[in-house]
Amino acid sequence: MATMTLNRKELCAMVGREIDSRRLQGDLFDLGLETEEQNGDDITLDVTADRPDLLSVEGIARLLRYHYGLETKVRVPEVQKSEFTCVVDPSMRGIRPYITCAIVKDIRVTDGLIKSLMQVQEKLHGTFGRNRRKGAIGIHDLDKLSGTSITYRAVKPEGDTFVPLGKTERMTLGGALREHEKGRQYGHIVDGKGALPAIYDAAGIFSFPPIINSARTEVTTSTRNLLVELTGEDRGTIERMLNILLYMLSDRGGKVHSLRVRSGSATEIEPSLKTEKLGITPEYVNSVLGTEFTAAQIRSLLAKSGFGGGQGGKSITVTVPPYRADVLHAKDVVDDIGRAYGFNNLTPSYPATPTIGELTRTTKLTGAVRDVLVGEGFQDLLNFMLTDKDSNYGRMGIGDDGTAVEIENPYSEQYTIVRTWLLPSLMQVLSNNRTRQYPQNLSEVGQAMLLDGKIDLGCATAWKAAAAMCGMDAQYNTMKSELQNLARAFGAELETVPLKHPSFITGRCASVLINGKAAGFIGEISPKVLRSWGIEMPVAAFEIGVDALAPG
């Protein structure tokens, strides 16, 4: 979730209709945008992460024009040719490999547009661009560039110099990392790779992505032509971000022009601004929404959502505009159809088959385990299932065994895998609580996940129970007593067998057997692991599978 602020009067001017504040808030809420705060004509909205095209006043105005029927067809800005070329040097491989560009001409740059550009850059960087790692934006005054060719290449940290935006003295790229506030904030993205990315024109460096632009190409209210460049570690991300920006600038009257982007022997004309096609049927839409829409009604609702809807046999061919980076599946389109119709206008209905609700066996069992642990004096926790490899493995003194489910597009470096066990989550809380009073007795009943090629999903989820005691009196015998009480509460037999485990002190660790079957482990955390978490008190802990406590 991100927030963005717009001015109601400016929005109305872009929509082409006067909308009072009350109706505007209601219409935006129906379209999925909740008002967080209003101060006069300035409105702050919550925008869900799946709609990056709505992070600007231009994007929201476009949404409302379609919703009010003031715009009805999918509009793709015409892309005219330009004489400009972007050359990608082979040195960029392994540093920051991808770049895409576009030129926007004949645009009237106002204070409002500059403010909007600054806001959308910040929001796109923080969300879609993953804090500039996957994608970062640079916008320049085209007329301040020298020549018609730019080069994207790697530079030594203490090589060529430039004047960063907001500064007056020349700096090397390494100097900008050390001395510029943006360099200190984002330098970790490119530092440590031996060379740094830079974009040159005939006069020298004018952009140091993803850190800072040059003051030489600063955009002002006198600017009439723009160069928009995006670099990153994921080509798809920067292309979608560029599409959002180009629609935004086109809505302000700018004319989009292309560049030739040459990398090795390959030359691409960018931007492409291609639409996508999806097929849906009235039967599918009605089955999801519980409606009885005809094909004509669906096409009308598609138009209100900014989609095209052509007929193709029994199917409706949906045209998805280039700025809709969130549309990945037919259900995404159906969601917009429902919003266009109004979810409040849908008629509620009871299921045709009467059923009686009941808690599942697993829910009952996990709830009972949680109750027993709380009764023993442990504070119940609910932690994130996502973590990182260092917390899951390295700081616990164990090696990566390759069983963790990895996130393909992690939101941050803190959440790159699904945890394979619960104890690191408890250690993280203890680490965060170092200034709190001791003793601290914590427990969690939650899920962990492991890769498993034997099942269709490729991974298996397991419910586990973990507990940790932290304080001067935390020791193996005390923790075993608590585990014995837990087993006894479920009528289970507990045994412990000596075990060597890298996370625990040798001789103070055991494998846990419940009713004769291996269920987990118990022990005192090793000093090395405690130091890795910055914990200065002894910790004793156990972790078992919840199913081991299930009756017969």
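Model, not experiment: these values are computed from the prediction.

A. How the structure looks around the pattern of salt bridges. Enumeration over the complete set of coordinates arrives at 29 salt bridges. Across the pair Lys193 and Glu233 runs a salt bridge whose closest N-O atoms are separated by 3.8 Å. Residue Lys193 is found in the loop between α6 (181–186) and β11 (196–201), and its partner Glu233 is found in the loop between β14 (226–232) and α7 (235–251); the two are separated by 40 residues along the sequence. The exposure class of Lys193 is partly exposed, given its relative accessible area of 34%.

B. Quick peek at the nonpolar core. By size, the foremost hydrophobic cluster in this structure holds 52 residues, and its most contacted members are Leu11, Ile60, Leu64 and Leu124. Take this core: its biggest share by element is 9 residues, from α7. With residues near it in sequence (within four places) discarded, Ile60 still touches Met4, Leu6, Leu11, Leu28, Leu33, Leu45 and Leu54. The next biggest cluster of nonpolar side chains, apart from the first, holds 28 residues, and it includes Val445, Leu483, Ile522 and Ile544.

C. Structural context of the domain arrangement of the protein. What the domain assignment reports for the protein is domain 1 (2–67), domain 2 (79–270), domain 3 (276–343) and domain 4 (361–549). Distance from the C-alpha centre of domain 1 to the C-alpha centre of domain 4: 46 Å.

D. Region of the structure containing helix α11 (residues 361–375). The end-to-end C-alpha distance of α11, which contains 15 residues, comes to 21 Å, matching closely the 21 Å that a straight helix rising 1.5 Å per residue would cover. Those residues of α11 lying buried are Leu365, Thr366, Gly367, Val369, Val372 and Leu373. Next to the buried residues of α11 lie β24 (440–451), β25 (459–470), α14 (476–489) and β29 (539–545). Once α11 ends, the next one or two residues include Gly377, with phi positive near 100 degrees.

Calculation criteria
- Residues numbered from 1 in each chain as written.
- Predicted model: local features only at pLDDT ≥ 70, side-chain atom pairs only at ≥ 80, totals over all residues.
- Heavy atoms only, no water.
- Salt bridge = Lys/Arg side-chain N within 4 Å of Asp/Glu carboxyl O.
- Helix = DSSP H or I, 4+ residues; strand = E, 2+ residues; numbered from the N terminus.
- Buried < 20%, exposed > 50% of the residue type's maximum accessible area, 1.4 Å probe, protein only.
- Core = buried A, V, L, I, M, F, W, Y, C linked by side-chain atoms within 4.5 Å.
- Contact = heavy atoms within 4.5 Å.
- Domains from an automatic or database assignment.
- Expected span 1.5 Å × (residues − 1).

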